Amino acid sequence: MAAAAPADEDGSPRKTKQGGFKTMPFILANEICDRFATAGFNANLITYLTQQLHLPLAEASNLLTNFNGTAAFTPVLGAIVADSCAGRFWTIAGGGALYQLGMLGLVAAALAPALRPAPCAAAASATAAAPPSCQRACGGQLAMLYLSLLLTALGGGGIRPCVVAFGADQFGRRPGGEQKWSYFNLYFFSMGLAVLLALTIVVYIQENVGWGWGFGIPAIAMFLSVLSFVAGYPLYVKVKPEGSPFKRLLQVLVAAFRKRKVDVPEDAGLLYHNKELDAPIAADGRLLHTDQLRLLDRAAVVTTGDVADSGEPHLWRVSTVHRVEELKSIVRMLPLWAASITLIAAASHNFTFAIQQARTMDRHLTASFQIPPATMIIFTTLSMLASLALYDRALVPLARRCTGRRSGITYFQRMGAGLAVSVLGVMAGALVEARRRAAAAEHGLLDKPAAVVPVSVFWLVPQYALHGVSDALSTVGHMEFLYDQSPESMRSSAAALFWVAGSLGNYLGTALVAVVQSASGGVWLQDNINRGRLDYYYWLVTFLLVLNLAYYIACFHFYTLKSFEVDASDGPHDGRGEEGVFVRADALRPTGPQVLPCLY
């Protein structure tokens, strides 16, 4: 039986003129403006919280990481909406509108005096030991901040899980596979350019012009983001959602639990198959049965009453092998996916503690111009962009000659390399902080937190740059892994997993700060970082990252790639493996189903 013809979200047949690289200007314009807006207010938000709302450093850091954690969790909601009913296009458009409202709330808070506390009563001089007298933001002012941040988090939840999969949808799976994987690198490269622009322009305006314009410019960018995306509507391939994948996973769990005492036959051919039922969610081919997690196979054992006389299955009692394997695929992915959580927790300090380090160091480029502290993140972005370019143009061709794979190295190797580089990045931060603190002690500045320590801020460049290299390797590899190894009907949900890792990573960062604060009696992480021991904190994170790398290697050793089958009656299909070899599916077996390993 031939696979169902692809359809748009409105149910109409997909037009051949739709999709391809001609849609990229609209999709990437949307994401570039979105990432510009996000980076524009997020990169320097720690400064806004501590200097405008007068929150203590540790509290502001935790508020920021909690917000980032929440913003990274909302893509789960967006993925459910996109995969279940609304489709990716309308989920992205609606998310952009919510994000716009949140940005306008931040602009209002920055402009209206009633929505922020009064300026500090007296500024501390560079040589004064006593801090200025500052009024902390009241409950109503913080409520306005929380509401605005919540709207941006919900809006981002509609955009984040859908935009990567939506862009990949424009190329299909066969043909055009190489174009699709080029899209992933193009996507992250474009996002890096947007962040670079935000860090050089918006952060400078926030520090030197005002927070009204500092938040206003990202708000304008967000409006252009939504406008440009909607303008490309006629050109897009809009894949029709096929119902909630989470409902299907729950049905498998319920059916397996009901049959927990039923024996699973040794012959997988005796399990329940229904090609017609699975056709809308298995256009690429049905997932092949695996021997792992055999307790879930009970859901595919047919017992009395599972199938009606009409042939219609009761899906809360019995599931097809393909649907069981969908759940197995997700479960197998989780251990490797979890390895990115500690990495994100380690990187979160670049937006909090590292900015406070930079604020105490010599930031002069000329006698009259200083680099804003948050602009130091530019070195992470620059190194990420350079790494992406070198990866595609230098590393892949070189590795291809050694490995024989078209991709050079696998995305598993790419993720592992990124985890290893992140260890070096945090280690560099520990060494530089020890040097900075020693210089503060040498010049008698331990009790003068507002003073400039005579150490160049460019000593922070290695830690920022190494985190950028780590991002280019691990982040892109992670997204490729999730997109490729997830069931085809769950691509938005798999992208949501990418952002959920960010959510849990930020929450882990918050928990780690809280534990360190409690265990050290508030000594390690304090408002006066000259008296604190931030270097000890960095060494602790380094140790955790080494353990995380060992965990990743162990999980990779036991991981099994998914595979799928197609019918010979469907006609020949081409599948491109990680080795770069094109395999004709109808050549694998003369008759019957053929097996295609999914090794992109």
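Residues numbered from 1 in each chain as written. Predicted model: local features only at pLDDT ≥ 70, side-chain atom pairs only at ≥ 80, totals over all residues. Heavy atoms only, no water.

Secondary structure summary: the protein chain contains 17 helices and seven strands in total. Looking at the protein chain as a whole, 55% of its 600 residues qualify as buried. A sequence separation of at least 24 residues applies to 82% of the contacts in the protein chain between residues at least 6 apart. When the accessible surface of the protein chain is split by element, carbon and sulfur atoms take 66% of a total near 24,300 Å². (Helix = DSSP H or I, 4+ residues; strand = E, 2+ residues; numbered from the N terminus. Buried < 20%, exposed > 50% of the residue type's maximum accessible area, 1.4 Å probe, protein only. Contact = heavy atoms within 4.5 Å. Areas by Shrake-Rupley, 256 points an atom, 1.4 Å probe, with all protein chains shown as cover.)

This part covers the pattern of salt bridges. Going through the model one piece at a time under the given rule, you end up with 12 salt bridges. Among the ionic pairs, Asp-278 bridges to Arg-323, the shortest N-O distance being 3.1 Å. Of this pair, Asp-278 sits in helix α9 (residues 275–278) while Arg-323 is found in helix α10 (residues 321–347), placing the two residues 45 residues apart along the sequence. For Asp-278, a relative accessible area of 1% puts it in the buried group. Each of Asp-291, Arg-294, Asp-297, Glu-325 and Lys-328 takes part in salt bridges that share partners, so that together they form one network. (Salt bridge = Lys/Arg side-chain N within 4 Å of Asp/Glu carboxyl O.)

This brings us to the UniProt feature "transmembrane region" (unreviewed entry) in the protein chain. UniProt records the feature "transmembrane region" (unreviewed entry) at residues 143–163, 184–205, 211–237, 333–351, 371–391, 411–432, 494–516 and 536–559, using the numbering of this structure. Counting secondary structure, residues 333–351 comes out at 79% helix and 0% strand; the distance between its end C-alpha atoms is 29 Å. Across residues 371–391, the secondary structure splits into 67% helix and 0% strand, with the terminal C-alpha atoms separated by 30 Å. (UniProt positions renumbered as here; feature names shortened; annotations may be inferred.)

Next up on the list: empty space enclosed by the protein. A full pass over the atoms with the stated rule returns eight cavities of 30 Å³ or more. As a volume, the largest cavity reaches approximately 1,300 Å³. Around the largest cavity, the lining comprises 49 residues; the ones closest to its centre are Arg-35, Phe-351, Asp-471, Thr-475 and Trp-499. Class assignment of the residues belonging to the lining of the largest cavity gives a composition of 27 nonpolar, 19 polar and three charged. (1 Å grid on protein atoms, 1.4 Å probe; cavity = no way out; pocket = protein on both sides within 12 Å on 5 of 7 lines; lining within 4 Å. Points joined across faces, edges and corners; volume = space filled by probe spheres on them. Nonpolar A, V, L, I, M, F, W, Y, C, P; charged D, E, K, R; others polar.)

Turning to the packing of aromatic side chains, a few remarks are in order. If you walk through the whole model with that rule in mind, you get 22 aromatic pairs. Relative to Phe-215, the ring of Tyr-48 has its centre 5.2 Å away and its plane inclined at 70 degrees; by these criteria the two rings are edge-to-face. Separated by 167 residues along the polypeptide, Tyr-48 in helix α2 (residues 45–52) and Phe-215 in helix α7 (residues 211–231) bring together distant segments of the chain. Using a relative accessible area of 2% as the deciding quantity, one classes Tyr-48 as buried. A relative accessible area of 0% means that Phe-215 is categorised as buried. (Phe/Tyr/Trp six-rings, centres within 6.5 Å; stacked < 30°, edge-to-face > 60°.)

This brings us to the side chain of Glu-325. Within the element layout of this structure, Glu-325 appears in helix α10. If sequence neighbours within four positions are ignored, Glu-325 has contacts with Leu-287, Leu-288, His-289, Thr-290, Asp-297 and Arg-332.

Another aspect to go through is the packing of α10 against helix α13 (residues 411–442). Put simply, α10 and α13 touch, their axes get as near as 11 Å, and they point 25 degrees apart. In terms of orientation, α10 lies roughly parallel with respect to α13. Here α10 runs over α13; the crossing is left-handed. Note on element contacts: α13 touches α10 through Phe-412, Leu-419, Ser-422 and Val-426, opposite Leu-336, Ala-339, Leu-343 and Ala-346. The residue makeup of the contact of α10 with α13, split by class, is seven nonpolar, one polar and no charged. (Axes fitted to C-alpha atoms, helices over the stretch in contact; angles between N-to-C directions. Parallel < 35°, antiparallel > 145°, perpendicular 65-115°, else oblique. Left-handed = near helix turned anticlockwise from the far one by under 90°.)

Attention now moves to the environment of Leu-512. Within the secondary structure, Leu-512 sits in helix α15 (residues 491–519). Classification of Leu-512 as buried rests on a relative accessible area of 16%. Along the primary structure Leu-512 and Ala-345 are separated by 167 residues, whereas in three dimensions their C-alpha atoms are 8.6 Å apart. When near neighbours in sequence (up to four residues on either side) are disregarded, Leu-512 contacts Tyr-537, Leu-540, Val-541 and Leu-544.

What follows is about the environment of Leu-497. On the secondary structure map, Leu-497 appears in helix α15. Between the alpha carbons of Leu-497 and Trp-337 there is a distance of 8.0 Å; along the sequence they are 160 residues apart. Not counting residues within four places of it along the chain, the set of residues in contact with Leu-497 comprises Leu-334, Trp-337 and Leu-482.

Below, the discussion takes up the confidence of the model for the protein chain. Looking at the protein chain as a whole, its pLDDT mean stands at 78, while 85% of the residues score no less than 70. Mean pLDDT across the secondary structure elements of the protein chain bottoms out at helix α17 (residues 585–588), with 30, and peaks at helix α16 (residues 534–558), with 91. Predicted confidence for residues 1–16 stays below pLDDT 50, and this span has 33 contacts to residues more than four positions away or in other chains. Here residues 123–130 scores under 50 on pLDDT; set against residues more than four positions off or in separate chains, the count is 10 contacts. (pLDDT = per-residue confidence, 0-100.)

Counting residues in hydrophobic clusters, the biggest one holds 135 residues, and the most contacted among them are Phe-41, Tyr-48, Leu-49, Phe-215, Phe-481 and Tyr-537. If you look at the next biggest cluster of nonpolar residues, it comprises six residues, including Val-396, Ala-399, Ile-409 and Val-421. (Core = buried A, V, L, I, M, F, W, Y, C linked by side-chain atoms within 4.5 Å.)

Okay, the packing of α10 against helix α14 (residues 461–485) next. Orientation of α10 relative to α14, taken along the N-to-C sense of each, is 160 degrees, at an axis distance of 11 Å. Taken together, α10 and α14 sit at an angle that is classed as roughly antiparallel. Between α10 and α14 the crossing geometry is left-handed. Taking contact as the criterion, the partners of Ser-329, Met-333, Leu-336, Trp-337, Ser-340, Leu-343, Ala-346 and Ala-347 in α10 are, on α14, His-467, Ser-470, Ser-474, His-478, Phe-481, Leu-482 and Gln-485. In terms of residue class, the contact of α10 with α14 is made up of eight nonpolar, seven polar and no charged.

This part takes up a nonpolar patch on the surface. Among the surface-exposed residues, Leu-77, Leu-98, Leu-101, Leu-104, Leu-147, Leu-150 and Leu-154 lie close enough to one another that they form a single nonpolar patch of about 600 Å² accessible area. Of all the secondary structure elements, the ones that give two or more residues to the nonpolar patch are α4 (75–111) and α5 (139–169). Considering each element in turn, the nonpolar patch owes the most residues, four residues, to α4. Locating Leu-150 in the fold gives a position in helix α5. (Patch = residues over 30% accessible without salt bridge, like charges linked within 9 Å, V, L, I, M, F, W, Y side chains within 5 Å.)

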